[in-house]
Structure formats: C-alpha cells, structure tokens
Amino acid sequence: MAANGEGAEPEARPQPSHPRPLRRTGDFLGKHRLSAAISRLNQEIQYLQVELDELETMEPSSAACKEVVLSMEGKSDALLPVTPGPENPAWHRWFRPVQSSHSRKWWTHKGSDVS
Amino acid sequence: MSFSELKDRHVAATAMVNTLRDRLNQKRQQLLDTDVAGYAKSQGRTAVNFSSTDLVCCRTLQGHTGKVYSLDWTPEKNRIVSASQDGRLIIWNALTSQKTHAIKLPCAWVMTCSFAPNGYSVACGGLDSECSIFNLNSQVDRDGNLPVSRVLTGHKGYVSSCEFVRDQDTRLITGSGDQTCVLWDVTTGQRISVFGGEFPSGHTSDVLSISINSSNSNMFVSGSCDATARLWDTRIASRAIRTYHGHHGDVNTVKFFPDGQRFGTGSDDGTCRLFDMRTGHQLQVYSQQQANNDQDVPIVTSIAFSISGRLLFAGYSNGDCYVWDTLLAEVRIIQLVH
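Just so we're clear, the structure is a prediction, and the values are computed from it rather than from any experiment. (Residues numbered from 1 in each chain as written. Chains lettered and ligands numbered in written order. Predicted model: local features only at pLDDT ≥ 70, side-chain atom pairs only at ≥ 80, totals over all residues. Heavy atoms only, no water.)

Draft legend 1. Structural detail: the overall build of chain B. Within chain B, the secondary structure is distributed over 2 helices and 24 strands. On C-alpha atoms alone, chain B measures out to a radius of gyration of 21 Å, which is about the 20 Å that the 2.2 N^0.38 rule sets for 338 residues. Principal axes of the C-alpha set define a box for chain B whose edges measure 65 × 60 × 40 Å. Evaluated residue by residue, chain B yields a buried proportion of 52% over its 338 residues. Taking contacts inside chain B between residues at least 6 apart in sequence as the whole, the part at least 24 apart equals 44%. Summing over all exposed atoms, chain B offers an accessible surface of approximately 15,100 Å²; the carbon and sulfur share of this is 47%. (Helix = DSSP H or I, 4+ residues; strand = E, 2+ residues; numbered from the N terminus. Rg over C-alpha atoms; globule rule 2.2 N^0.38 Å. Buried < 20%, exposed > 50% of the residue type's maximum accessible area, 1.4 Å probe, protein only. Contact = heavy atoms within 4.5 Å. Areas by Shrake-Rupley, 256 points an atom, 1.4 Å probe, with all protein chains shown as cover.)

Draft legend 2. Geometry of the overall build of chain A. Per the secondary structure count, chain A includes 2 helices and 0 strands. Expressed as a percentage of the 115 residues in chain A, the buried residues total 25%. Of all intrachain contacts in chain A linking residues separated by at least 6 positions in sequence, the fraction that spans at least 24 positions is 11%. With the model as given, the accessible surface of chain A reaches about 8,300 Å², and the carbon-plus-sulfur share is 55%.

Draft legend 3. Fine view of the nonpolar core. Ranked by internal contacts, the top residues of the largest apolar core, which has 26 residues, are Val68(A), Cys272(B), Leu274(B) and Leu327(B). Those elements that provide at least two residues to this core are α2 (61–71) of chain A together with α2 (36–42), β19 (271–276), β20 (282–287), β21 (300–305), β22 (311–316) and β23 (320–325) of chain B. Counting 14 residues, the second-largest nonpolar core is a separate cluster that includes Val81(B), Leu105(B), Phe115(B) and Phe134(B). (Core = buried A, V, L, I, M, F, W, Y, C linked by side-chain atoms within 4.5 Å.)

Draft legend 4. Looking closely at the sheet that holds strand β17 (residues 251–256) of chain B. The strand order across the open sheet built from 4 strands is β17-β18-β19-β20 (chain B), with neighbouring strands paired in antiparallel fashion. Pairing within the sheet leaves two strands with one partner each, and these edge strands are β17 and β20 of chain B. Neighbour-to-neighbour, the strand axes of this sheet turn through a mean angle of 20°, independent of strand direction. Together, β18 (262–267), β19 and β20 of chain B form the strand contacts of α2(A), whose direction differs from that of β20(B) by roughly 65°. (Pairing = 2+ DSSP bridges. Axes fitted to C-alpha atoms, helices over the stretch in contact; angles between N-to-C directions.)

Draft legend 5. Looking closely at the pairing of strand β14 (residues 219–224) of chain B. Residue and element names in this part refer to chain B. β14 sits mainly inside the fold: 6 of its 6 residues count as buried. Every second residue of β14 is oriented toward a common face, with Met219, Val221 and Gly223 on one face and Phe220, Ser222 and Ser224 on the other, all of them buried. By the bridge criterion, 5 bridges tie strand β13 (residues 207–212) to β14 in an arrangement that is antiparallel. By the bridge assignment for β14, Ile212 is matched with Phe220. Between β13 and β14, which follow one another and run antiparallel, lie 6 residues.

Draft legend 6. Just the UniProt feature "repeat: WD" (unreviewed entry) in chain B, in detail. Residue and element names in this part refer to chain B. On the UniProt side, "repeat: WD" (unreviewed entry) is annotated at positions that read residues 61–102, 152–194, 200–242 and 244–285 here. The span residues 152–194 carries 0% helix and 53% strand; its end-to-end C-alpha distance comes to 13 Å. Counting secondary structure, residues 244–285 comes out at 0% helix and 55% strand; the distance between its end C-alpha atoms is 13 Å. (UniProt positions renumbered as here; feature names shortened; annotations may be inferred.)

Draft legend 7. The arrangement of the pairing of strand β5 (residues 110–115) of chain B in detail. All names here are of chain B. The buried count for β5 comes to 5 of 6 residues, which makes it a mostly enclosed element. Relative to strand β6 (residues 121–126), β5 runs antiparallel, the two being bridged by 5 bridges. Following the sheet pairing, Phe115 is matched in β6 by Val122. The loop that links β5 with its antiparallel partner β6 comprises 5 residues; one of these, Gly119, has a positive phi angle of about 80°.

Draft legend 8. Region of the structure containing the environment of Gly315(B). All names here are of chain B. Looking at the secondary structure, you find Gly315 in strand β22. Judged by its relative accessible area of 13%, Gly315 falls in the buried class. With 34 residues separating them in the primary sequence, Gly315 and His281 have C-alpha atoms 24 Å apart. The residues contacting Gly315, other than those within four sequence positions of it, are Ile299, Val300, Thr301, Ser302, Asp320 and Cys321.

Draft legend 9. Expanded view of the UniProt feature "coiled-coil region" (unreviewed entry) in chain A. Those residues carrying the UniProt feature "coiled-coil region" (unreviewed entry) are residues 31–58 of chain A in this numbering. Within the segment residues 31–58 of chain A, helix and strand shares are 93% and 0% respectively, and the terminal C-alpha atoms sit 40 Å apart.

Draft legend 10. Local environment of unusual backbone geometry. Residues and elements named next belong to chain B. Even without being a glycine, Leu55 presents a positive backbone phi close to 50°. Among the structural elements, Leu55 can be located in the loop between α2 and β1 (68–73). The phi dihedral of Gln179 falls on the positive side, at around 80°, and the residue is not glycine. Among the structural elements, Gln179 can be located in the loop between β10 (171–176) and β11 (181–185). On the basis of relative accessibility, which here comes to 29%, the residue Gln179 falls in the partly exposed class.

So, in structure tokens, the structure goes:
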C-alpha cells in the first residue's frame, strides 16, 4: 500500500468536492487495518458461499442418525448391562480381588455390595 | 480509496457475512429431518436399563489433595496420568490403584495432561502457557523430582488441553486461551503448525478443549468460548475444515465418538450435543429438564463415550455425573461420585 495513501490505486468514484482532511499516521494505520479486515471478511464470504452450495446437495440428518445406530451394532461394551458384542476376557482383571496397603476392601465380583 | 469508503465496504461486507450465516442456519434447520433419538425410536429401540449392580465403582484412586482437572489413559488402558491443582501429576497403575510416580510441577496451575502412546512420557499444560513433557524413565533430581525433559513454548495464553497424536509419540496437539491450536514436534520443541490466530481465521475466543480422531489422526476437533466447535486437518493449517454451530455458550469439552465420524460436545449452556463430522449436522441435543427455571442450569465440564458409543458420560459443575443413553437421549443414571 502506498505510504501517501492516495493515488496508489484508481478511485472508483469522483473526488468529493469538500477539501480532504489532513492525513495522519493514525489514518494510515486505520486504513491498513480496515483493508485487512475487509480482505478477511471477503474470504469468509467466499467460504460461506461454498458451504451454502454444499448444503444444496447434502443429505438430511436422518442418514447420519442411521449410521450412528448402525455403528453400535455388535460392538462390545463392558459398561452396558448386556454387551452387544463378544465379551473380552481382559475385562475380568478389573474384578479380581485387589489388595493394596491402602485398601481394606476385597472386590470379588461385579455383583458384590460395594457401597 | 478513502477511509470512509473503506468503512462503507467494511460495513457492507459484515452485513453480507451475517446474511449468509443466517441463510446457512436456515438451510441447516431444513435438513434436520430427525435427530438420533427420533430415528432410534422409530426403529423400535429402547433405552438401556441399569440395575443397582450394574456400573459399580471398582477402583477409587486417592492421593491428590486438590481438584483433579484432567486425566488420560495409556492405550493399553492399564495406567492413568492425572493432573491436579495440588501442583502434581500422578501416574497410577489402574489395576492395583498404586501410584508409580508423583511429579511435582514447576507450575501448580495445571489444566490438562496426556499420556504418550509409548507409555514412557506424559505432557501437561496450564496457566503458565507452556506444555511440559516428562520422561518417566529419567533420573530424579536431588530433591527427588522428575526433571522436565522438554518445554513447548510459544502459546500466548493458557494451555487448556493437550493430546499426543496416537500413532506418533513425537507429536502433540495443544489448545490454548490464545485462541489457537498448535501441532508440536515434541523431540525438537518446534511448532509444526498453528491452527487459527488472527491470520488465518479460526476460533474467535479461547480454545478450551481438543480431541484427536482415533480413526484418522490427521483430524481433530476443538471447542471454544466462541460457542463453536471446529474441525481441523493437521495438514491444512490455513482454515478449519468445518465450523459447528448450535451451542449457546462456551464449549468446554469435545470428544470424538468411537466410530470416528461424529463427535460430542459439552457446554456452559448445560447441554451436550452430537455432531456429524462430515456434514456438520447437529444430530442430537442431550439436555436436562429443569423443573424450575429460576435455578441455574449446571454447566457441562467434561464428557466421555463408552467404547461402543452407546453411553455418554457427562460431568457437570454441580458435581453430578450423568450417564446418558446416546441413542435415546435419556439419562439412565444420575451418579453422585464425589
């Protein structure tokens, strides 16, 4: 951007008839920042328009909802009362008796009274 | 171009952005023909039923003397690192409940921690705006403290979240109060990529949480005080792949769904939501019903999915932990754990 702030680019509109205000450093910085902000906004506009176009051919949410339901089919999950998938033998290590110097409890199996 | 002409252009561009955003919101609303619960019910699915002997606490890990802000498991799921504002990281053998390391931190105000995939290192970060890496096999110093093996400096705000990239021990992603996320090379301490910041555009407020896609470690999501979540490709720092709108408050926590195609969020607005990564659709809202509206809705501070994704665990600011049926969007257990 030209340091003198005028004449660096062709003006889209005719000069105003009133005298120009005196140029100051603050104005130059202000114009620079404004230009940068406008560039960012223009870029944002482009991206938003791309996203709008995308939505024209996008499937509705029901397609993804169906995928969510299907993704859980047959998946093992130790935290569910009944696991939809195969039991993993490694889970049992969490329910074997554990004795440490800090613990006074013996945990025998999942069904024991632990409260 | 004169200053006033630039100002006019700025006003016009801003108005255009707002118009387009409104159109986008409307178009998205039109595409939401059902949510997950609506679809699941239409398929005859019913909610998970827990009995009193299901979901029993099998370990209580005691040792911290301050609030525990963060924890992470090793990939083998047998060890845990936890971070507390008592100024320590503790490494636990989760099977035996015993502590293997208690690491005194240079800065007590820790907010996040992560276990390296190889299980030999841990990372943490917080109000010091740095991410510290500790090698668990290093020699302790004269005071019995584990020395910091690497410090990742560069963020201009607090480090709210960090996560090692799962198939690479040398890479870590952080989220920060400086509105950016950063991909780091841990061996050199260098920033590989910065996601967001003034140039290029990204979150417009603090990043509070990140989650790396376990199915595709090139992708991660971030949650922010700007009420959005954003999806990033680590190979493309120039702009977020997608921005997810819906929450009405800070997005405190984000977590990928086990299938790697969806992710969950938790927010100051008291709700959790499930978003579809690819389309951007908001698939489900998990919202507590409030009997009396004059009470503040507790905010969601952290979430996690069970391994199949069927259960969504949500921690709230009032100390509750709810277990949601992800499919039916119903709370199945209200569990006061602390």
